[in-house]
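Topology and contacts: notes
Chain residues, written in single-letter form:
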Amino acid sequence: MAAPTRVFAFRDARWAPDPVLAPSAAVRSPQPAPLIIDNGSFQTRAGWACPDPSVPAEPLLRFRSLAARSRGARGGAGAETQVGNDLGSPEPLRWLLRSPFDRNVPVQLELQELLFDHVFQRLGGCVDHPIVLTEAVCNPLYSRQMMSELLFECYQVPKVSYGVDSLYSFYHNRRQNWPCSGLVISSGYQCTHILPVLEGRLDAKNCKRINLGGCQAAVYLQRLLQLKYPGHFAAITLSRMEEILHEHSYMAQDYTEELQKWRCPEYYENNVHKMQLPFSNKLLGSTVASEEKQEKRQQQLRRLQELNARRREEKLQLDQERLDRLLYVQLTLIYPQELLEDGQMDQFHKALVELNMDSAEELQSYINKLSLSVEQTKQKILQSEVNIEVDVVDSKPETPDLDPMGSEQSLEDVESINEFEPLFAEEQPEVEKPVAAVQPVFNLAEYHQLFLGTERIRAPEIVFQPSLIGEDQAGIAETMQYVLERYSKEQQAILVQNVFLTGGNTMYPGLKARVQKELLEMRPFQSSFQVHLASSPVLDAWYGARDWALEYMSREEGWISRKDYEEKGGEYLKEHCASNVYVPIRLPKQAPRAAEAPSRASGTGNPSEQA
């Protein structure tokens, strides 16, 4: 049975600019509704947390966390800044793209301000609403301080709440009464985190981070395919690699065993995905069939035959005019006395000079040659009407000693006919070639295809084996085992009963089965565990933040007011069920100067002892 054809075309979708949305009255009354901003390193999502059914319970804005600022033309407009979906496509501006994130921590607050400006402008300029903002696990105090300063000082927001995106997703997918415990595995665009949650609170001391995510997988896949297809180096872009990861990659349950399967030709033919790159038939020549080539050749022959016949007729007309003029001159030579009587003898000599002739014999010889040329041309015209074959007009003049008066026209004919000599040469019947010879047909479409075999599993595998890309880090399985070993057996049993997978990089088919296999190998014999995947790994962080905001909207827990910001600093954090743990800055105590005074007094009071 033949394998189905698995040829897929790249979508290369362009981003549509975000519209400006007017806020509805429901988000302002009876009190301002919280604005939920999932500030991710890959994508920013923003929307309202409003119980009113008229307000959509989903993000209204979704755009890449990127900005590009052009320098502007000389003498023209100034620099232009584009954010998110306004970029259209990232590839033409790849060298101009900037992100406010270092890994998953925002450090470029100037670029972060551009993202916030884009959010507030597209949502109607509403900055007087409470803000729920996601942040990284164990976010540095300096990053939170700068973020609070930006929100309170620049935008004058009334209050703000910070929470961890993966904990919001865990909160949204809770399957039992809160608080609950579990082990959260969050894999995003830049990093992968292992987060233990005990009794609804994050155990920040035992959190671990792996500096690998979807970005590193896309770069690794790009390098693999560029080495495999060096002829399509420029066409293998990061955007297309991300599309391959999202739609054509999967996680192998056993990586070594899966590689052995790909060694089998039949398995390869049944599972390979062929990605079609855009191409044009005019790049490497025509790929038409032999019948189309034959038809094209016949059309060229007919066109050249018509052109040749028209040129013969023009040549015959010119030769006939020359012959008539020579005959007229010859008649005047026969009756020279009449010319003398009429005073036209000077005209006769002038005509001979123009013909570059000295005597009547030379004139008669030239007339005979031109008459012969006219007769031959008439015969060729009659022959071409009967015979289908195309007779090419000889590029050399048949009468080399013709009158110079027509030499310029003859040269033009020769040059114009020489232009078509290669065409006539190409259309000669191929007598010497064997009839049975088959011309090879070049498949241009197949040349522009990327065959995805083991690359479908090699790129996602780096989160379990970072050594594939030369990273000296532990993978998900080793890190998960290390975190579990820091707890007692009873706590380990509680954590593994709710292993929760979230984040955009956990959407590979087979990832859940792979985590179950790793847990089965590391857990004791006949021990139980459960692995759950988020209902929407990409959007559940925003949904969880919305759920939390609706529940804690009228409470003081978790909200940082402007008064708290002014009194306790920008790094201050009010903890809640989905937040980080607040660790205040502790300055080292300085030694009291009162203890130094007696020693100084004793030292200065007895100079003899010092000596």
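In what follows, the accompanying structure is described. (Residues numbered from 1 in each chain as written. Predicted model: local features only at pLDDT ≥ 70, side-chain atom pairs only at ≥ 80, totals over all residues. Heavy atoms only, no water.)

Following the sequence through the fold, S187 ends up in strand β12 (residues 182-187). Among the residues examined, S187 registers a relative accessible area of 3% and is labelled buried. Polar contacts involving the side chain of S187 include one to the side chain of N505, which spans 2.9 Å. (Helix = DSSP H or I, 4+ residues; strand = E, 2+ residues; numbered from the N terminus. Buried < 20%, exposed > 50% of the residue type's maximum accessible area, 1.4 Å probe, protein only. Polar contact = N/O pair within 3.5 Å; in protein donor to acceptor, adjacent residues only side chain to side chain.)

Before going further, it helps to examine the packing of aromatic side chains. One pair of aromatic rings is described through two measures. These are the centre distance and the angle between the planes. Per the stated rule, a full pass over the model turns up 12 aromatic pairs. Summarising the aromatic geometry, the rings of F42 and Y189 are spaced 4.8 Å apart at their centres and angled 50° between planes, so their arrangement reads as tilted. Here the residue F42 occupies a position in the loop between β2 (35-39) and β3 (43-48), and Y189 occupies one in the loop between β12 and β13 (192-198), the gap between them amounting to 147 residues. Ring pairs connect the aromatic residues F116, F120 and Y155, which therefore count as one cluster. If you follow R64 out to its NZ or CZ, it ends over the ring of Y189, 5.7 Å from the centre. Here the guanidinium or amino end of R555 rests over the ring plane of Y552, the centre of that ring lying 4.5 Å away. (Phe/Tyr/Trp six-rings, centres within 6.5 Å; stacked < 30°, edge-to-face > 60°. Lys NZ or Arg CZ within 6 Å of the ring centre and 35° of its normal.)

Relative orientation of the contacting elements helix α3 (residues 165-172) and helix α19 (residues 540-551) amounts to 70°, with a least axis distance of 7 Å. Comparing their axes, α19 and α3 come out roughly perpendicular. Contacts from D165, Y168, S169, Y171 and H172 in α3 reach D540, A541, Y543, G544, A545, D547, W548 and E551 in α19. Broken down by class, the residue content of the contact of α3 with α19 amounts to 6 nonpolar, 3 polar and 4 charged. (Axes fitted to C-alpha atoms, helices over the stretch in contact; angles between N-to-C directions. Parallel < 35°, antiparallel > 145°, perpendicular 65-115°, else oblique. Contact = heavy atoms within 4.5 Å. Nonpolar A, V, L, I, M, F, W, Y, C, P; charged D, E, K, R; others polar.)

Another point: the packing of helix α16 (residues 476-484) against helix α18 (residues 511-522). Two numbers describe how α16 lies on α18: the axes approach to 10 Å, and their chain directions differ by 50°. Judged by the angle between their axes, α16 and α18 are oblique. Note on packing geometry: the crossing formed by α16 with α18 is right-handed. Residues A477, M480, Q481 and L484 of α16 touch α18, and the partners they reach there are V515, E518, L519 and M522. (Left-handed = near helix turned anticlockwise from the far one by under 90°.)

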